[in-house]
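# Observations on the model geometry
Chain residues, written in single-letter form:
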Amino acid sequence: MTKITIGQYYPTDSPIHRLDPRVKLVSVILYITILLFANHFAGYAVAALFIASLITISKIPPTLIFRGLRAIVFILFFAASINLFLTPGENILLQFGFIRITTEGIILALQMICRLILLILGSSLLTLTTSPIQLTDGIESLLKPLKKIRVPSHDIAMMMTIALRFIPTLADELDKIMKAQKARGADFETGGLIKRAQALIPILVPLFISAFKRADELATAMEARCYRGDTNRTKMKEMKLTTLDAYATTIMIIFCLCIIATRFL
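Residues numbered from 1 in each chain as written. Predicted model: local features only at pLDDT ≥ 70, side-chain atom pairs only at ≥ 80, totals over all residues. Heavy atoms only, no water.

## Quick notes on the packing of aromatic side chains
Tallying each qualifying case throughout the model produces 5 aromatic pairs. With 6.3 Å between their ring centres and 20° between their planes, Phe 74 and Phe 78 make a pair best called stacked. Taken together, the residues Phe 74 and Phe 78, both in helix α4 (residues 73-86) and 4 residues apart, mark about one turn of the helix. For the pair shown, Phe 74 and Phe 78 are each scored as exposed. Taken together, the aromatic side chains of Tyr 31, Phe 50 and Phe 255 make up a single cluster linked through ring pairs. Stacked on the ring of Phe 37, the Lys or Arg Arg 263 has its end atom at 4.4 Å from the ring centre. (Phe/Tyr/Trp six-rings, centres within 6.5 Å; stacked < 30°, edge-to-face > 60°. Helix = DSSP H or I, 4+ residues; strand = E, 2+ residues; numbered from the N terminus. Buried < 20%, exposed > 50% of the residue type's maximum accessible area, 1.4 Å probe, protein only. Lys NZ or Arg CZ within 6 Å of the ring centre and 35° of its normal.)

The following block contains the structure:
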């Protein structure tokens, strides 16, 4: 859990850090959508090259970004197993009763692993290169047209940003609680499923109490600073699109066209 990178911010001076947060948010949405549209290893290769280039340009240590993949090893294994054993196909390689391993299942499992890894890397890159304040302003600006139908865009943006910001904080808190419980003789690794579930109770209770305590402290701090949402709220730095944002948008469009081309060609 302490290896989660989504929600963390790595301050440095790079072209990706200087991009408008709205451009980055829309680019990530397009990236996730087009990645789900890809159905060939050539498309995943293009996406991997694209992400590798962005990591290099962002000046973020690759170890920091790839560290987040350790937290989803179980999800990768589970998703790959489902596709490997339950995908029907004509070319059967191995069969154990009703469970079949086919060539189509292996291909689909590998594609699922590539897709999940690329999704996590792209999402992590967004939060690592965008501060919480910029994320809030970007989300609020994109949701601003919904104000006409009385959608609280600022409140939604603030809640999403706070949720992302507290992911690494709660992960660190969870690690401290587990170490404290292990020091008191707690065992989380042996026994059956029911016993392991019961062993999680001493972890979840203090974790929830800590989360509610942090939320109450945050609310008190915001109220002490006279926070009133977007009522008469001004910004010290107004967001403006620059030539760099235009270049980034053009590159993103070219990337999407390349992924589409790999699907049809």
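That was the structure; now back to the text.
## What to know about the packing of helix α1 (residues 21-37) against helix α5 (residues 103-128)
In contact at an axis separation of 10 Å, α1 and α5 are set at 180° when each is read in the N-to-C sense. When the axes of α1 and α5 are compared, the pair comes out roughly antiparallel. The residues of α5 that touch α1, namely those facing Lys 24, Leu 25, Val 28, Tyr 31, Ile 32, Leu 35 and Leu 36, are Arg 115, Leu 118, Leu 119, Gly 122, Ser 123 and Leu 126. Of the residues contributing to the contact of α1 with α5, the split by class is 9 nonpolar, 2 polar and 2 charged. (Axes fitted to C-alpha atoms, helices over the stretch in contact; angles between N-to-C directions. Parallel < 35°, antiparallel > 145°, perpendicular 65-115°, else oblique. Contact = heavy atoms within 4.5 Å. Nonpolar A, V, L, I, M, F, W, Y, C, P; charged D, E, K, R; others polar.)

## Focus: a nonpolar patch on the surface
A cluster of nonpolar residues, Phe 41, Leu 93, Leu 94, Phe 96, Ile 106, Ile 107 and Leu 110, forms a patch on the protein surface that exposes about 610 Å² of accessible area. The set of elements that each furnish at least two residues to the nonpolar patch consists of β1 (92-96) and α5. You can see Leu 110 is positioned in helix α5. (Patch = residues over 30% accessible without salt bridge, like charges linked within 9 Å, V, L, I, M, F, W, Y side chains within 5 Å. Areas by Shrake-Rupley, 256 points an atom, 1.4 Å probe, with all protein chains shown as cover. Salt bridge = Lys/Arg side-chain N within 4 Å of Asp/Glu carboxyl O.)

## Considering the side chain of Gln 111
Secondary-structure assignment places Gln 111 in helix α5. Side-chain polar atoms of Gln 111 contact the backbone oxygen of Asn 39, separated by 3.2 Å. Gln 111 has contacts with Asn 39, His 40, Phe 41 and Tyr 44, leaving out every residue within four places of it along the chain. (Polar contact = N/O pair within 3.5 Å; in protein donor to acceptor, adjacent residues only side chain to side chain.)

The values reported here are purely geometric and, on their own, carry no functional implication.
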